[in-house]
Amino acid sequence: MSKVVKFGGSSLADAKQFQKVADIIRADEERKYVVVSAPGKRNSKDTKVTDMLYQTYELAEEGKDFSKELAAIEARYNEIIKGLKLKLSLKEEFEKIKSNFEAKAGSDYAASRGEYLNGIVMSNYLGFEFIDPAEIILFDDDGSFDAEITNRKVAKKLRSVEKAVISGFYGAFEDGKIKTFSRGGSDITGSIVARAIHADVYENWTDVSGFLVADPRIIDRPQPIETITYTELRELAYMGASVLHEDAIFPVRKEGIPINIRNTNKPEDPGTWIVESTAKKSTFTITGIAGRKGFCCVNVSKDMMNAEVGFVRRVLQAFEDQNISIEHVPSGIDTMTVFVAQDEFIDKEQAVVSEIHRLAKPDLLEIESDLALIAVVGRGMKRTRGTAARIFSALAHVSVNVRMIDQGSSELNIIIGVENRDFEKAIKAIYDIFVVTQL
Ligand code: ASP
C-alpha cells in the first residue's frame, strides 16, 4: 500500500506546522510520497510566500531594488529551518534566485520558488529524497499540461525512489523553462503523483476537516460531508464550494483513486472521502448545497421556436462570438433563457442583443440581472421521492420567489435561480429542511 500526501500552505506556514506534518507522515509507513505547497499565512494578517514572491518579482521586472523583499522571504524559511533545528542553509539557493530575478526569469519561475524551497526544507527534515517537479511534470509549447508524458515520467522516476518529497504547483516546458499551474495548483501535483504510482489513496491535508454540506459563512457550523462522488464534487465546486483545486480531480479519477481531505490541525477527524462511486448513502438526502450570486439571464421568445431548426444554436452563437461562457439554458416551447455571469456579460450586452436579433430574429428579448444560482446536489435524490417538492415548499415558506428551475437529467442536482438578495435566505431554508429538521 502507498499513499500520496499533499500538504497545503497553512499546514506548512511555520516550524510548528512542519512538526505536525512530520508527525502525520511518521504515523503511517504508507505515507511515502509527500507533495508540498509554499509556506502559507501564519495568521489572518500574514502574507503567503507565493504572494511575496510575485510582489518581489514585479519589482525585479521594473528594474527596481528588491533586496529587502527577497530578504523577507529568506527570513521566513530561515525561521522554519531554525525552529526545526536543521543543519541546512538556503544561502546559495537565494543567491541563484536573486540572479535569476535580475535576469527576468519570469513570474512563473518566481512563484515556483516557494514550493521548490519548501520541498528542500521538508525533505531535509524527513530524510526523504527531494524531487524537483521541473524534471518530471511537463507542459506543451502552448502552455497546456501534458498529462500522458508526465504520467510516464513520474512513474519511471518514482519506481526507484522509496520515499520522496516533491514540490507542488509547477513543472516545466521541454526546454526547462518553469511553468506553474493556476493558483492552488499543488493539489493537482498531488493528484498527478497519486495517479502515476497507482496510490491507494491521495490524502490532501489542509486546514479544514473536509467538505461541509453548506458554506459556513452562511450556515453556522454546518455538518461535514463524509463521502462525496467526483461528479457531485464537480457540481458543488463549480458552484463555489472550494477546498480543492477543481482540476485536481482529473488525474486520480482516471485511475479510480479516492481522495481523502484531511485537517492537519485535527488529524483525528476522518475528513471527506471523494470517490468514483459508492454504495454508501449520504447522511442526508442531499450531499451538499452551493451557489453563487451575480448572474444575468437573457430571455428570448419566438413563436414556433421549437419547430425552427437551428434556432438555439443561432442564439448561442451570439454569446460565443463575444467569448461569453454560458451557465445554464433552461427552455420552454416558445422561449429559451440563457444564464451568464453578470460581470462577464455586462460590457458586451448590447453587442450580444443585436447579434441575437440579427442571427435568430426573435419576437421578444429581455434581460434580467442580479440573480443567484443555487445547486442542491445529491446522489441520493434519484432514489428519493419528493426532493424537489421539499425544496420548493421550503422556499415558499420563507417567501423566496423561485425564478428558474433546472434539473439535470442525471438527477444529481437541482439548480434554482433566485434574486441575489434571497440567496442566503434560500440556502438556509434548504439546509434547514434537509439537515436540521429533516422534515
Ligand atoms: N502556493 C501556490 C498558491 O498559493 C500553490 C498552492 O498552494 O497550491 O497558489
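Scroll up a little and you will see the structure.
Residues numbered from 1 in each chain as written. Predicted model: local features only at pLDDT ≥ 70, side-chain atom pairs only at ≥ 80, totals over all residues. Heavy atoms only, no water.

### What to know about the site of the ligand
Thought 1: Taken together, Ser37, Lys48, Thr50, Glu115, Phe169, Arg183, Gly184, Gly185 and Ser186 make up the full set of residues adjacent to the ligand.
Thought 2: Note that an oxygen atom of the ligand is positioned 2.9 Å from one of the backbone N or O atoms of Ser186.
Thought 3: Here the ligand, which alone exposes 260 Å², has 94% of that area covered by the protein.
Thought 4: Spatially, the ligand is embedded in the largest pocket. (Near = heavy atom within 4 Å. Polar contact = N/O pair within 3.5 Å; in protein donor to acceptor, adjacent residues only side chain to side chain. Areas by Shrake-Rupley, 256 points an atom, 1.4 Å probe, with all protein chains shown as cover. 1 Å grid on protein atoms, 1.4 Å probe; cavity = no way out; pocket = protein on both sides within 12 Å on 5 of 7 lines; lining within 4 Å. Sits in = over half its atoms within 2 Å of the grid points.)

### Some remarks on the environment of Pro224
Thought 1: Among the structural elements, Pro224 can be located in the loop between strand 8 (201–206) and strand 9 (227–229).
Thought 2: In this structure Pro224 comes out as partly exposed when scored by relative accessible area, which is 44%.
Thought 3: Here the alpha-carbon distance between Pro224 and Asp269, two residues 45 residues apart in the chain, equals 10 Å.
Thought 4: Contact partners of Pro224, with chain neighbours within four places excluded, come to Phe211, Leu212 and Val213. (Helix = DSSP H or I, 4+ residues; strand = E, 2+ residues; numbered from the N terminus. Buried < 20%, exposed > 50% of the residue type's maximum accessible area, 1.4 Å probe, protein only. Contact = heavy atoms within 4.5 Å.)

### Notes on the side chain of Thr387
Thought 1: By secondary structure assignment, the location of Thr387 is in helix 13 (residues 387–397).
Thought 2: Other than its neighbours up to four places away in sequence, Thr387 contacts Thr285, Met381 and Phe434.

### Digging into unusual backbone geometry
Thought 1: Positive phi values are uncommon outside glycine, yet His198 reaches one of about 50 degrees.
Thought 2: In this fold, His198 is placed in the loop between helix 7 (186–196) and strand 8.
Thought 3: For Met304, which is not glycine, the phi torsion reads 65 degrees and is therefore positive.
Thought 4: If you trace the backbone, Met304 turns up in the loop between strand 12 (288–301) and helix 10 (311–321).

### Quick look at the pattern of salt bridges
Thought 1: Evaluation of the coordinates by the stated rule reveals 28 salt bridges.
Thought 2: Where Glu62 meets Lys64, a salt bridge forms, and the shortest distance between an N and an O atom there is 2.8 Å.
Thought 3: A relative accessible area of 47% means that Glu62 is categorised as partly exposed.
Thought 4: Across the pair Glu135 and Lys157 runs a salt bridge whose closest N-O atoms are separated by 3.9 Å. Of this pair, Glu135 sits in the loop between strand 3 (129–131) and strand 4 (138–139) while Lys157 sits in helix 6 (residues 147–159), placing them 22 residues apart in sequence.
Thought 5: In this structure Glu135 comes out as partly exposed when scored by relative accessible area, which is 46%.
Thought 6: Since its relative accessible area comes to 28%, Lys157 is described here as partly exposed.
Thought 7: Taken together, the shared-partner salt bridges in this structure form one network comprising Lys3, Asp28, Glu30, Arg31 and Glu203. (Salt bridge = Lys/Arg side-chain N within 4 Å of Asp/Glu carboxyl O.)

Functional significance is not addressed by these values, which are geometric in nature.
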